[in-house]
Amino acid sequence: MPPQHQSQNKLYPQVLQGDMGSLSPALREFIESSMSLCQPDSLHICDGSEEENNAILAQLQDQGMIKKLTKYENCWLARTDPCDVARVESRTVIVTQNKCETVPSPLGGGISQLGRWMSENEWANAMNERFPGCMKGRTMYVIPFSMGPVGSPLSKIGVELTDSAYVVVSMRVMTRMGKSILNVLGNGDFVRCLHSVGCPLPLKTEPLVNNWPCNPELTLIAHIPNQRKIMSFGSGYGGNSLLGKKCFALRIASRIAKEEGWLAEHMLILGITDTAGQKKYIAAAFPSACGKTNLAMLRPTLPGWKVECVGDDIAWMKFDKEGNLRAINPENGFFGVAPGTSTKSNPNAIETICRNTIFTNVAETSDGGVYWEGMDQKLPEGVTITSWKNKPWIPKDGEPSAHPNSRFCTPACQCPIIDPQWESPEGVPIEAIIFGGRRPEGVPLVYESFNWAHGVFVGATMRSEATAAAEHKNKVIMHDPFAMRPFFGYNFGHYLNHWLSMEQRPNSKLPKIFHVNWFRKNSSGKFLWPGYGENIRVLEWMFRRLNGEAGVMPSAVGYLPTTGSLNLSGLKEHVSLDELFEISRDFWEKEVQDIRKYFDQEVNKDLPTEMDRQLEMLTQRVREL
């Protein structure tokens, strides 16, 4: 047994680093109660230093959990157990006293598609089945972190306790983590995050796959918003274990935002500067695999235009005293999907990830580099590939070399187009919000909402092809309102009312709302729009709309660009605007039916009357096509 010591009548495990006595009473109580529950052998209070990070990386390498990638500077590769590769929405729950606080009641009962609820009694039983003794033989790491710039009035503090060293080095990238947070925390409020891989030592099961500890049979990620607490068990991967990300920054934060009158959203933030030097900031919500990171790091093809990145995934937005909607990126890094990222689709991301990056479940090249599908990289003669399953790989195998949800975890400050204001404590002013999805047919390239309430309706009715980030298979068109379907921290109907209420705020300058679809295809299955850097042409139209300069014409779905108002000068390939903007009555009649069915079945009696009114108006406009 490791040595233990008595302090203030508490029995502590061995403290490897840090001083429990220097912590605030509230934090000490959280750590002590969690140690009593999980029974770790040792405790490590993280200071966030370079020395600590290097020591933990070396420890992970010795344990065989990560491998150094010699082709790059301080880059590492982790391979997970193939049973632990994605978000597990079916095992991600929100615990409240009443179910209606968390999810709408689906018509006819059944399971809501807008989140999972667990009763307090069920959760107590589930917790007692999992957490007692779950960290035996392991070290409990204490990770104090800030979501958002340290000290910003828009930021929030969290503390994650975990038995995964991989989580420690990843959280250091994804959040502002370390000793400085304890100074800001004082005895103030913080979100309590407890995570365990669920593999106490010595192991009682088969040897670990890829030295990756996890417990997929018992994986459960629970959010207790009334206690501002997150408890995650059994998964060491991504948003299941980096609890500052989706768990805190969206599910818990969206609930806090409702209580405090702001918005926590699944949105990128970018700054766009025109040829005259005028700059505007835009937030945009897309489901996974819809080009979100690519847009956040856009390299414009239009001469003289510049795009800079504030964040690629999450935006916290709050109206200031002057009525401007101010946004911060609460994260400190990018946790991006690797497949499809290339010098063509996202050259700025490729440049960002060449140092200080943790790759997970990508393929490895024999010269010490990484590889994945869509990388557009010709390998040197004689270089071979090892797949994410740690097996030799050749293209004709039929299986992908990298897992479709493989990731890079990289510091945001390394992005060559990071915005100068990305860590501004007061946030950047948002003038436009974009919604979008991957829609192969029927939905135009871009349109603007008629007004704020219609814009909320546009966000509420977003649909997109399912992606590999979750458990879903096949390319079915799924409803993904606000790109938040897996991330709502409370009842979606109440969430819609919260968005609608922004219009009643005194002196608020509401952003314009747009919808885009880069993914429409022709009858031959070819994309109608070139995408990537050419998307600046759509952003330019929006920019001119914000200045009242670009023309629009009303349509059944919203305002479309007038003929000639979309800048196509210098475009190298022919684009059929007629096909890109065609609004088919047959398609939209079916769309209206699907939306009505979704609202009736999933939101049911919690649907705000304004959303029902917006649907009726869309139905009437479609009839008139």
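This report concerns the structure included in the present document. (Residues numbered from 1 in each chain as written. Predicted model: local features only at pLDDT ≥ 70, side-chain atom pairs only at ≥ 80, totals over all residues. Heavy atoms only, no water.)

## Some remarks on the pairing of strand E7 (residues 92-95)
The side chains of a regular strand alternate between both faces of the sheet.
Line of reasoning, step 1. Residues Thr92 and Ile94 of E7 are buried on one face, and the alternating residues Val93 and Val95, pointing to the opposite face, are buried as well.
Line of reasoning, step 2. Inspection of the sheet shows E7 paired to strand E13 (residues 220-224) by three bridges, in the parallel sense. Bridge assignment links Ile94 to a residue of E13, and that residue is His223.
Line of reasoning, step 3. Bridging between E7 and strand E8 (residues 117-118) involves two bridges; their strand directions are parallel. Across the sheet, Ile94 pairs through a bridge with Trp117, a residue of E8. (Buried < 20%, exposed > 50% of the residue type's maximum accessible area, 1.4 Å probe, protein only. Helix = DSSP H or I, 4+ residues; strand = E, 2+ residues; numbered from the N terminus. Pairing = 2+ DSSP bridges.)

## What about the packing of helix H11 (residues 452-460) against helix H16 (residues 609-623)?
How two helices pack is summed up by the angle between their axes together with the distance between the axes.
Line of reasoning, step 1. Direction vectors running N to C along H11 and H16 enclose 85°, while the axes themselves pass 10 Å from each other. In terms of orientation, H11 and H16 fall into the roughly perpendicular class. Contacts between H11 and H16 involve Ala453, His454, Val456, Phe457 and Ala460 from the first element and Glu610, Met611, Gln614, Leu615, Leu618 and Arg621 from the second.
Line of reasoning, step 2. Classifying every residue of the contact of H11 with H16 gives seven nonpolar, two polar and two charged. (Axes fitted to C-alpha atoms, helices over the stretch in contact; angles between N-to-C directions. Parallel < 35°, antiparallel > 145°, perpendicular 65-115°, else oblique. Contact = heavy atoms within 4.5 Å. Nonpolar A, V, L, I, M, F, W, Y, C, P; charged D, E, K, R; others polar.)

## Observations regarding the sheet that holds strand E27 (residues 407-411)
Line of reasoning, step 1. Taken together, five strands build an open sheet; the order of strands is E5-E6-E22-E27-E21 and the sheet is mixed. Strands with a single pairing partner mark the edges of an open sheet, and in this sheet they are strand E5 (66-68) and strand E21 (333-337). Across the sheet, the mean angle from the axis of one strand to that of its neighbour is 20°, orientation sign disregarded.
Line of reasoning, step 2. Summarising the sheet, strand E6 (residues 76-78) and strand E22 (residues 358-360) pair through three bridges and their orientation is parallel. From the neighbouring strand, Trp76 faces E22, where its bridge partner is Ile358.
Line of reasoning, step 3. Along the sheet face, helix H5 (residues 165-174) touches E6, E21, E22 and E27 and points at about 55° away from the line of E27.

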